[in-house]
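# Residue-level structural notes
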Amino acid sequence: MTTETLTKLEQHDLFLSRHIGPDSAQQQEMLNFVGAESLEDLTEQIVPESIRMNRDLAVGDHVSEAEGMAYIRAIADKNKVNKSYIGMGYYGTLVPTVIQRNVLENPGWYTAYTPYQPEIAQGRLEAILNFQQLSMDLTGLDLASSSLLDEATAAAEAMALAKRVSKAKKANIFFVADDVFPQTLDVIKTRAECFGFDIIVGPAADAANHDIFGALFQYTNRFGQITDFTELFTALHEKKAVVAVAADIMSLVMLKSPGSMGADVVLGNSQRFGVPMGFGGPHAAFFVTRDAYKRSLPGRIIGVSQDTRGNRALRMAMQTREQHIRREKANSNICTAQVLLANMASFYAVFHGPQGLKTIAERIHRLTDILATGLTAKGVTLVNNTWFDTISIKGLDTAAIKTRSEAQGVNLRIDADAGSDKVLGVSLAETTTREDVAQLFDIILGEGHGLDVATLDSNIVANGSTSVPAALIRTDAILTHPTFNRYHSETEMMRYIKRLENKDLALNHSMISLGSCTMKLNAATEMMPITWPEFANMHPFCPQDQAQGYAQLVSELSDWLVDITGYDTVSLQPNSGAQGEYAGLLAIKQYHESRGDAHRNICLIPQSAHGTNPASAQLAGMKIVVTACDKDGNIDMEDLKTKAAEVADNLSCIMVTYPSTHGVYEETIGEICEVIHQHGGQVYLDGANMNAQVGLTSPGSIGADVSHLNLHKTFAIPHGGGGPGMGPIGVKKHLAPFLSGHTVVKHGLESDNNGAVSAAPYGSAGILPITWMYIKLLGKQGLRQSTQMALLNANYVMKKLSEHYPVLYTGRNDRVAHECIIDLRPLKEASGVTEMDIAKRLNDYGFHAPTMSFPVAGTLMIEPTESESKVELDRFIEAMISIRGEAARVESGEWPVDNNPLSNAPHTLADIMDPEFDSRPYSRETAVFPTAAVKLNKFWPTVNRIDDVFGDRNLFCACIPIADYE
Ligand SMILES: *Cc1c(COP(=O)(O)O)cnc(C)c1O
């Protein structure tokens, strides 16, 4: 029997030891190897004293997983899940459980990264391609994006695209129909102000009376009305205006497509295709345009190319053009998008197929017809005389109805206004039943109305329905591709999902050491709450007293992030890091304006910055001045001082990443902040590297004014194969009045009436429980120790590899921060082996490549994170050393530079089955089982190296034609 105290025995349950990879004995061994006595000693060696945090975080003690679950359960219970008929872009949906369990709740899908290494990402690439195909079929246009952040930001992107491609070069006005959702208009206005566009809001029919470069309409409009825009669009095209339509995805199954009416861009939310409302997100927006505008498309696009065997293979098309190359000339600042949710929506369409979707859409429409005919029979007046799923009622006593509806656990849209009349909106959804419609009659008319759903239904069947004008009923076939027509049984669906999953390397196979991306553990306990109905099924615009759980979650999480960042206030609205940058720059811009300094519009950005920095600055309407880095990768202080002084009168801000993108804590960061402040500028500190700061230092204490946090990097939200994410920003007090507001939901804050950057007040609120759990479980001890372990793991890998590869930059005491860059240029020079060869060869060893050629071309940036065990780190190190040995054989001339295991990587089963393999100068064993460890856990890439140039020259972004597919 043990004599340990109970406290000691309880330690076993603490999450900390699950989140951190190496156990204490291994930590000691690693510390000995790198030459530090303890984690504290290592921290002191690495983090400059001037910035060190000398206090405990105030987030509370760490707790066990069971305790954490009990806490979050109590919060969830404070949310009241009413039946929602609010609509406005968010609808009830039935998430097929086969998709919930096998995609949303499956680490094989949610822990993957953006498919930068397409050879080991063919599964999710196919699912996204399905999303693009579905988007094109439903909208009637031919080039689809792989997802944008939400409907409102997609509408703002459509405006920006319109300006880029419109031939009405002199026009500066964008027209927005006055019947679009208010949150959409709000986000457009914010963006237009940055670009200096004028916005005219008016009745749709007036659009052609103005000299405009583009216009946005909504189909069906916010009152539910369906309009034929064909003539209007023709008139607008004559004036060279670009026409965008925000459309409802479910209605498009039944209705004539906006593309066939002449729209140039069609966008919208795909949420109601099997993605929970989640109090506002995350959901994928679709965005489809004409092929002719492909160079202007915002965000990412998946295209079909071929591999070295000539087989079809998928990849991100034109991927490098968007940010890392184009930077301030990029079309948009989209980096993290909404891939997991796009995949869910595409699987929903695959599972239901065209016929199933049609049935769902027609059922929603029939129930709406029944509701509308019943109400009108009772003398109720509707605002709209056509509808798909939404009716708007005027002239009723909305107060009495509201009392009745809330008493019955039902939310209607009460506050929408059509002119002077108060209007009551009701939007039905896939979740609506005939009993629900009967209940709606009771609520709207009061009991004793005598209406009967079945009788009304028979009348509609007998007499036909005219609620959709005949000319607006869809006649063309959708989703004819076999993928949408063969996986309708659950067994088939489950296997299709699994087949795709098997093609992808995610964190459930091996470490993904992508520098700057922080691919840490996304723990099961953290993920668990997000599918609970109390979080998942909440409408973002429900009455606030029903969302008390979310209110507590938001308030506690904000307090913790304030403490961790050293700022005064946090805004949880931005949906990604890049959106956070945009929101933060807007705050800076408005701060200057409030002080009469509207001319301050120059943003200094060091050469080494992430591509989203210049793209966001451009979006915020700023002018970019690039500052140099010295040979050690640090910001060149002389150049910075000179440039800051030169532009002082017009200096708005600097955007700087800390620790630097080169993976070191620059000693000069305090001085940088001072220089900028002296010249009247603000400091935007890109918080993507927050994993090297939490508990050790903070952007606020360093002297910065505003930062975004990537909750999907530092704070355990999974990357989902390219999204979702959350990019909240922290600000100092003086910037707080300039944070994003929201037109629909007010919180009694000074910033309430400011413009919005996202459709929903708290962005992708539905995934905030993950970060809440992460912080709650780790507590102040665990957060700090996680950061220290991220440093130890990085320095361990760096020191082990430094005997084989030159390490590009180190900081104090020859240490790196939480990531390290190895320089492959000398090796390339000597041997002809490229960074690409090494990246692809790592696939053969079962690893995802580290970040390639960012921030320096010809390098790999390795970020192991605290979650990787010593065993896994050693396996990775062994692979890297073995690869160096292979490169040596190329260098020595033993293997030809164009025919060796590196240049031919990755290897597939097709390679080793190929009789011609015998002519290669290396064995099959060397190709696919280069170390003993690989044999135990082999990952098989399903395609050979993909030809990027071919893919971009022959841009093809739809599902592969049927004949080729079979
Ligand atoms: C990831 C990253 C960003 C962009 O964040 P997203 O969430 O992908 O938009 C910005 N800066 C740096 C340094 C990053 O690593």
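Computed from a prediction, not measured in an experiment: that's the story for all the values here. (Residues numbered from 1 in each chain as written. Predicted model: local features only at pLDDT ≥ 70, side-chain atom pairs only at ≥ 80, totals over all residues. Heavy atoms only, no water.)

Moving on, we get to the overall build of the protein. Within the protein one finds 35 helices and 25 strands. Relative to the 2.2 N^0.38 estimate, which gives 30 Å for 966 residues, the radius of gyration of the protein is 28 Å and therefore close to what a compact globule would have. Along the first, second and third principal axes, the C-alpha atoms of the protein reach 85 × 75 × 70 Å. Of the roughly 32600 Å² that the protein leaves accessible, carbon and sulfur atoms contribute 50%. Between the averaged position of the 82 positive side-chain charges in the protein and that of its 112 negative side-chain charges there is a distance of 3 Å. (Helix = DSSP H or I, 4+ residues; strand = E, 2+ residues; numbered from the N terminus. Rg over C-alpha atoms; globule rule 2.2 N^0.38 Å. Areas by Shrake-Rupley, 256 points an atom, 1.4 Å probe, with all protein chains shown as cover. Lys, Arg positive; Asp, Glu negative; His and termini not counted. Charge placed at Lys NZ, Arg CZ, Asp CG, Glu CD.)

Once that is clear, we can look at the site of the ligand. By nearness alone, 14 residues border the ligand, and Thr336, Ser516, Asp686, His712 and Lys713 come closest of all. Between the ligand and Thr336, the relevant distance is 2.6 Å, taken from an oxygen atom to a side-chain nitrogen or oxygen of the residue. A distance of 2.8 Å is found between an oxygen atom of the ligand and a backbone nitrogen or oxygen belonging to Ala578. Within the complex, 99% of the 380 Å² of free accessible area of the ligand lies under protein. Among the elements that line the shell around the ligand, the one with the most residues is helix H22 (residues 577-594), at 3 residues. Of the residues assigned to the shell around the ligand, the class counts are 3 nonpolar, 8 polar and 3 charged. (Near = heavy atom within 4 Å. Polar contact = N/O pair within 3.5 Å; in protein donor to acceptor, adjacent residues only side chain to side chain. Nonpolar A, V, L, I, M, F, W, Y, C, P; charged D, E, K, R; others polar.)

By definition, the strands of a sheet pair up through backbone hydrogen bonds, in either a parallel or an antiparallel sense. Pairing in this open sheet of 7 strands is mixed, and the strands run S16-S22-S21-S20-S19-S17-S18 from one edge to the other. For this open sheet the edge positions go to strand S16 (569-571) and strand S18 (623-627), each flanked by a neighbour on one side alone. Each neighbouring strand pair of the sheet contributes to a mean axis angle of 25°, computed without reference to strand direction. Sheet topology places strand S17 (residues 602-606) next to strand S19 (residues 651-657); 3 bridges connect them, and they run parallel. (Pairing = 2+ DSSP bridges. Axes fitted to C-alpha atoms, helices over the stretch in contact; angles between N-to-C directions.)

Turning our eyes to something else, we now look at the pattern of salt bridges. Summed over the entire model, instances satisfying the criterion amount to 41 salt bridges. Here Arg73 ties to Asp77 by a salt bridge, and the two come within 2.9 Å at their closest N and O atoms. For Arg875, the salt bridge goes to Glu872, with nearest N and O atoms at 3.1 Å. Taken together, the positions of Arg875 and Glu872, both in helix H30 (residues 870-891) and 3 residues apart, correspond to about one turn of that helix. Given the relative accessible area of 16%, Arg875 is considered buried. A cluster of three or more residues bridged by salt bridges with shared partners is formed by Arg309, Asp911, Asp914 and Arg920. (Salt bridge = Lys/Arg side-chain N within 4 Å of Asp/Glu carboxyl O. Buried < 20%, exposed > 50% of the residue type's maximum accessible area, 1.4 Å probe, protein only.)

Remember that the coordinates give geometry; whether it matters functionally is a separate question.
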